[in-house]
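# Examination of the molecular architecture
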Amino acid sequence: MNNILALALLTFKDGLRQRVLYGAIVFSLLVIFVSILISGMFMRQITKVTLDFCLSAVNIGGLLVPVFLAVHLLARDIERRTIFSILSRAISRKEYLLGKFGGLTLLTGAIMAVLAGATAVALMISKLIYAEYFFAELSWSSILLSICVSFLGMTVLNAMVILWSTLTTSSFLATLLTVGTYLIGQSVEDMVRFISTRTPGVEISPVVEHTVRAASYLFPNLAAFDLKLLAAHGLVIPGRELLFLLVYAVAYTTAALTLAMVSFQRRDLT
């Protein structure tokens, strides 16, 4: 456990040194505070527009780690042979992967926490600028839960990055698979729903139908973790749904990491 924690902190500090991290955070902060000005153009939906922009910026910040940093941090250890010095210090391959995953999760959480704080500041500024009754339906608990659930989705994606990085020998291919996982995860639920409706006059090839259904089982349903619409309308997020998403995230993350550890255990690093 000590090895995992030490490696997680090392990965977290290593991620903080990456310049692309700060560029993306600055961009997300700009989006959050520009939303204050843009929301003024929609006087009847100020809260909704502001939250849509802010929560989207939080998601973008969280997405930065699995898409841009995670593969780079993992691939660099192998390409520069630094992984051998790590594994030579009585650290098993399983502990290495778990430590990397822990560091990436910490980094994702830190970024999203900073952007969540900026979201709170942006909402308070908006309340000072615009009439307070526009924010009568604002629910801080729904906003916080929405961000936490989004973090769960990013945790699942981080686990998938670990899996792809162990199954492939190319960092470019691992990045493509990560991006593909995110895109499929965001759209597969809508595609399954479309196929299930059986729209009259629309014929769907059996191959396409089976492919979509197979993708819905193989890839994580990341769209389920996007609850910003409920938060933007100040709606209460059902506890049963939150529990289901938590169990789903834990189960999928565990499965992905287990497969990654099995694959990495058999991988020839020389």
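Anything mentioned here points back to the structure above.
We now turn to the structure provided with this report. (Residues numbered from 1 in each chain as written. Predicted model: local features only at pLDDT ≥ 70, side-chain atom pairs only at ≥ 80, totals over all residues. Heavy atoms only, no water.)

### Structural notes on the state of the cysteines
As enumerated under the stated definition, the model contains 0 disulfides in all. Free of any disulfide, cysteine 54 has its nearest cysteine sulfur in cysteine 148, 16 Å distant. Given a relative accessible area of 0%, cysteine 54 falls into the buried group. Accessibility expressed as a relative area gives 40% for cysteine 148, which makes it partly exposed. (Disulfide = S-S within 2.5 Å. Buried < 20%, exposed > 50% of the residue type's maximum accessible area, 1.4 Å probe, protein only.)

### What about the pattern of salt bridges?
If you walk through the whole model with that rule in mind, you get 1 salt bridge. Residues lysine 228 and aspartate 226 are paired through a salt bridge, measuring 2.9 Å at the closest nitrogen-oxygen approach. For aspartate 226, a relative accessible area of 33% corresponds to the partly exposed category. (Salt bridge = Lys/Arg side-chain N within 4 Å of Asp/Glu carboxyl O.)

### Some points on the side chain of serine 150
Looking at where serine 150 falls in the secondary structure, it is placed in helix H6 (residues 140-167). With residues up to four places along the chain from it excluded, the contact list for serine 150 reads Asn59, Met112 and Phe225. (Helix = DSSP H or I, 4+ residues; strand = E, 2+ residues; numbered from the N terminus. Contact = heavy atoms within 4.5 Å.)

### Some thoughts on the packing of helix H7 (residues 171-197) against helix H8 (residues 206-218)
For the pair H7 and H8, the least separation of the axes is 9 Å and the interaxial angle reads 135°. Here H7 is positioned oblique relative to H8, judged by the angle of their axes. In this structure, H7 crosses over H8, and the sense of that crossing is left-handed. Contacts from Ile184, Val188, Met191, Val192, Ile195 and Ser196 of H7 reach H8 at Glu209, Val212, Arg213, Ala215 and Ser216. (Axes fitted to C-alpha atoms, helices over the stretch in contact; angles between N-to-C directions. Parallel < 35°, antiparallel > 145°, perpendicular 65-115°, else oblique. Left-handed = near helix turned anticlockwise from the far one by under 90°.)

### Considering the packing of helix H5 (residues 93-129) against helix H10 (residues 239-266)
Relative to each other, H5 and H10 sit at 140°, their axes nearing to 9 Å. Here H5 lies oblique to H10, going by the angle between them. Between H5 and H10 lies a crossing whose hand is right-handed. In contact with Arg93, Lys94, Tyr96, Leu97, Leu98 and Phe101 of H5, H10 contributes Thr253, Leu257, Ala260, Met261, Phe264 and Gln265. The class makeup of the residues in the contact of H5 with H10 is 8 nonpolar, 2 polar and 2 charged. (Nonpolar A, V, L, I, M, F, W, Y, C, P; charged D, E, K, R; others polar.)

### What about H8?
Under the 1.5 Å per step criterion, the end-to-end length of H8 is 18 Å for 13 residues, consistent within 8% with the ideal 18 Å. Looking at the buried side of H8, the elements it contacts are H7. (Expected span 1.5 Å × (residues − 1).)

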